[in-house]
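Here's the letter readout for the chains.
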Amino acid sequence: EEEAHMECEVDPDMEITAVTHAKWYGAPGPLYCGPKTAELPHSGFWDYNYECNKGWADPPQVCDVYEGQKAGRYDQTAPYANTAGRTDVEGCCWWGRGVIQTTGVCNFGKLNYFLGERAANEGRDARYPSVNFCKDPEVICHSSEHKELKWIAGMFYWMESVQPYNSDGWDYRTELIKFVNGGMVGTSFIDGVSGIVNRGCHNPPCGTGPVDGGQERAENFKKVLDAILDDNRTQVGIPSVSDPKPDSQSLSASGFVANPTGSAKWWPDYNPQWTEGKCVNDGTTPSGRPSYDSGEECCLASYGGQSSNACMDAISSPSQATPDPTNQPTALPTVKQGAPTALPTAKQEAPVFEIVNKPGPFLKPESPDIAAPSNLFTAVDETNLDTEENSSSSSLPASASTPMPSRQPLDPSFGASGTLLELLKVLESHQDGIDSKLFLHNDPSRGWVKSSVYHFSDFHAGLIAMATRGVANKRLYIGEENVENGHVYGLVNVAAFIAQSMKETIEYDSCDENNWDFFGNSYPISNACGQLGQNYQNFHCPVGEEHMECEADPAMEATAVTNAKWYGAPGPLYCGPKTTEHPHSGFWDQRYQCNKSWMTPPETCEVYEDQKAGKYDHSTPVKNAAGREDVEGCCWWGRGVIQTTGVCNFGKLNYWLGERAAREGRDALFPTVNFCKDPEIICSSSEHKELKWIAGFFFWLESVQQYSKDGWSYTNELINFVNNGMSGTSFINS
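Scope of this entry: the structure provided in the associated data block. Bear in mind the structure is a predicted one, so any value in this text is a computation, not a measurement.

Rules of the game
Residues numbered from 1 in each chain as written. Predicted model: local features only at pLDDT ≥ 70, side-chain atom pairs only at ≥ 80, totals over all residues. Heavy atoms only, no water. Core = buried A, V, L, I, M, F, W, Y, C linked by side-chain atoms within 4.5 Å. Buried < 20%, exposed > 50% of the residue type's maximum accessible area, 1.4 Å probe, protein only. Contact = heavy atoms within 4.5 Å. Axes fitted to C-alpha atoms, helices over the stretch in contact; angles between N-to-C directions. Helix = DSSP H or I, 4+ residues; strand = E, 2+ residues; numbered from the N terminus. Parallel < 35°, antiparallel > 145°, perpendicular 65-115°, else oblique. Nonpolar A, V, L, I, M, F, W, Y, C, P; charged D, E, K, R; others polar. Patch = residues over 30% accessible without salt bridge, like charges linked within 9 Å, V, L, I, M, F, W, Y side chains within 5 Å. Areas by Shrake-Rupley, 256 points an atom, 1.4 Å probe, with all protein chains shown as cover. Salt bridge = Lys/Arg side-chain N within 4 Å of Asp/Glu carboxyl O. Phe/Tyr/Trp six-rings, centres within 6.5 Å; stacked < 30°, edge-to-face > 60°. Lys NZ or Arg CZ within 6 Å of the ring centre and 35° of its normal. Expected span 1.5 Å × (residues − 1). Disulfide = S-S within 2.5 Å.

Grouped together as the largest cluster of nonpolar side chains are 79 residues, with contacts concentrated most on Leu423, Leu427, Phe459, Leu463, Phe675 and Trp693. The contacts of Trp693, once residues within four sequence positions are left out, are Phe439, Tyr454, His455, Asp458, Phe459, Phe497, Ile506 and Val641. Core analysis: the next-biggest nonpolar cluster, separate from the first, contains 19 residues, Ile16, Trp94, Phe133 and Cys134 among them.

Turning to the packing of helix H11 (residues 418-429) against helix H13 (residues 456-468), a few remarks are in order. It is at 12 Å that the axes of H11 and H13 come closest, and there the two elements cross at 170°. Taken as axis vectors, H11 and H13 run roughly antiparallel relative to one another. Each of Leu420, Leu423, Leu424, Leu427 and Glu428 in H11 lies in contact with H13, whose residues at this interface are Phe456, Phe459, His460, Leu463, Ile464, Ala467 and Thr468. Considering only residue class, the contact of H11 with H13 consists of nine nonpolar, two polar and one charged.

On to a nonpolar patch on the surface. A cluster of nonpolar residues, Val99, Trp151 and Met155, forms a patch on the protein surface that exposes about 330 Å² of accessible area. Assignment of secondary structure puts Met155 in helix H4 (residues 149-162). Met155 sits in the partly exposed class, given a relative accessible area of 49%.

Let's shift gears to the packing of H4 against helix H6 (residues 188-199). As a packed pair, H4 and H6 sit with axes 11 Å apart at the nearest point and diverge in direction by 105°. The angle between H4 and H6 places the two elements in the roughly perpendicular class. Together, Tyr157, Trp158, Ser161 and Val162 of H4 and Val193, Ile196 and Val197 of H6 make up the contact between the two elements.

So, about the packing of aromatic side chains. By the definition in use, this model includes 36 aromatic pairs. Measuring from ring centre to ring centre gives 5.8 Å for Trp94 and Phe108, while their planes differ by 50°; the resulting arrangement is tilted. Separated by 14 residues along the polypeptide, Trp94 in the loop between strand E4 (73-75) and helix H1 (104-114) and Phe108 in helix H1 bring together distant segments of the chain. In this structure, Trp94 and Phe108 share a single accessibility class: buried. Seen in terms of ring centroids, Phe189 and Phe221 are 6.1 Å apart; in terms of plane orientation they differ by 55°. Their pairing is tilted. With Phe189 in helix H6 and Phe221 in helix H7 (residues 214-228), this residue pair connects regions lying 32 residues apart in the sequence. For Phe189, a relative accessible area of 6% translates into the label buried. Following the ring pairs from residue to residue traces out a cluster consisting of Phe439, Tyr454, Phe456, Phe459, Phe497, Trp693, Phe697, Trp700, Tyr714, Phe721 and Phe731. In this arrangement the basic side chain of Arg73 is found over the ring face of Tyr50, its NZ or CZ atom lying 3.8 Å from the centre.

As enumerated under the stated definition, the model contains 20 salt bridges in all. Via salt bridges that share partners, Lys474, Glu545, Lys652 and Glu702 belong to a single interconnected network.

Right, let's talk about H6 for a bit. For H6, built from twelve residues, the straight-helix expectation of 16 Å at 1.5 Å per residue is met to within 8% by its first-to-last C-alpha distance of 16 Å. Buried within H6 we find Phe189, Ile190, Gly192, Val193, Ser194, Gly195 and Ile196. Once H6 ends, the next one or two residues include Gly200, with phi positive near 90°.

The next point concerns the state of the cysteines. All told, the structure shown has nine disulfides when counted by the stated rule. For Cys529, the disulfide goes to Cys634, at an S-S distance of 1.9 Å. Measuring handedness by torsion sign, the sulfur bridge of Cys529 and Cys634 sits at about 85° and is right-handed. One end of the pair, Cys529, is in the loop between strand E13 (523-524) and strand E14 (558-559); the other, Cys634, is in the loop between strand E17 (615-617) and helix H15 (646-656), with 105 residues separating them in the sequence. According to the relative accessible area criterion, Cys529 is buried, its value standing at 2%. With relative accessibility at 1%, the residue Cys634 sits in the buried group.

Encoded structure:
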């Protein structure tokens, strides 16, 4: 009460719009406040399911609420109450701002009273005499003159609420001094601070639930100490009697407790991203961190399911030094003089292909009269296999950094030509850049990061298989054999394939098709049968190839291994027979709040890893756009880097590459894999990780390389593009 004179008065006519907000898929637009009017007597809600990018509509519709918007819109058709019952935004301009979210009329008023215009008007020393925090609280975030305000606001909160905190025998300053005097080990101090900041008490839950991100806050604290103390925690003062420094253990430079016996315990290093995480045995054990007797045990417990296999690879390498996660390549390696210059490059913001027409020397194939590639759809002439040239090209050049897969060695009997070897040399010399600059996905919270699904090693294995053995006498085009630098044609073909794959799946880190068709105001579970009104079971083979397709088994059960991860994103697609208990399928309720750890018993989101909201709802049958309200026999959704879909395509894979090929006496690259009985193996196989690429290359051979219509031939246009210096976008746009 004695500080009430400091607070801001609420002005019902104030109008403000936030300058920052979330950017995940369908994220709500910026907060705003303003008076009620005759036209807008109430406020509505943000419809994050609305698809606003409809370039095909007449007139076209675009997402225009904020930059980078992918979906969603404000819906003001009816009043929509918040949890406090408000259905308007009049006078509601006091949301959190700044690095630790200064909020409310009191806090903004105090800033103005002590630092802003009011301080100057009333004769107090004013750091910002022209800034009125009560008339313009958004100045904390939008000021270009005083960019430090977002930090000033956070430090003000720290001085007001954290530094003076003293409750139930826990005093901030006392605990801080004990932490330092005790050698800066353990997490009890920072856990208490996190509770104060996030929940208002040092020992949550305290009415509002447990700390959000407690472990991450503790890890951040360690990172900051390491950064500002240069990993050297100098001993200060005398250890407190109530919190003695362990006398049987020694402190490492990083503040960890060293193993007293030198037993080399293994512990997970949480500093890198999870996909790059490794286990360490450097003679230290962080306080509170799990430890293990072997590196393998640590990897399995801490990074089980890690697609990159970074943890297991690290413990088998000679050096156990933990890499600096910030020391990553920032650009593709420079192409040497005389090498093809058509490899894709990546812009800093997002992975895209950039075609550059350089004025300098450009190495391109020397053959102006090529009409069509020589090896595109022809089988190998087995009468010319025993030549000295073919024999000399039977081994694959080793990569300098990562051993290439050896399961399918290059064999001259399967067309391991000099052109292919040249193409592989170029790709292998850029493998680190391809992994770190092209095979990236857009994580809702971390931005562009390495894919956990798609890796160069698997791509490499798939490319070799499809370039040498192929499918149905069709092979991946790798360039021209009798043309100098003819492999450049093949590199452009591969670049076009990767470019499409980046947009189709890699950007989303998905192997399985996502449930994305928002039909009838929901995401029907029967979208597994087909989206946008399609029925994947009816994707039959053309006349003459019907015998190749898979039969749809109504008893088959399968569940996708990948799915979207945005807030409330639908769970994985699945299929299975109708039963008495489940005679129909329902929908995914993306609005359901499943993380309720404060309830008794606690409720958590458990459909998939990192789920934030949503649940399957089978209470009533819900139809997809094609009218299906079950998932019986609906196991043919898209899989792989360019989404192989339907009974025909999976059947062809099995007919030419899988178990059926082997059983019927055809050469089978995967003789034990039955793509008809287990289509999900494309995404789930740990033995044949290249299958997700094989499926994409199969589509490329079937539908892209042989495309020729209305005078536009893919192969002719590719050759023209290369011969004309690789400039323009008409080829890739087509």
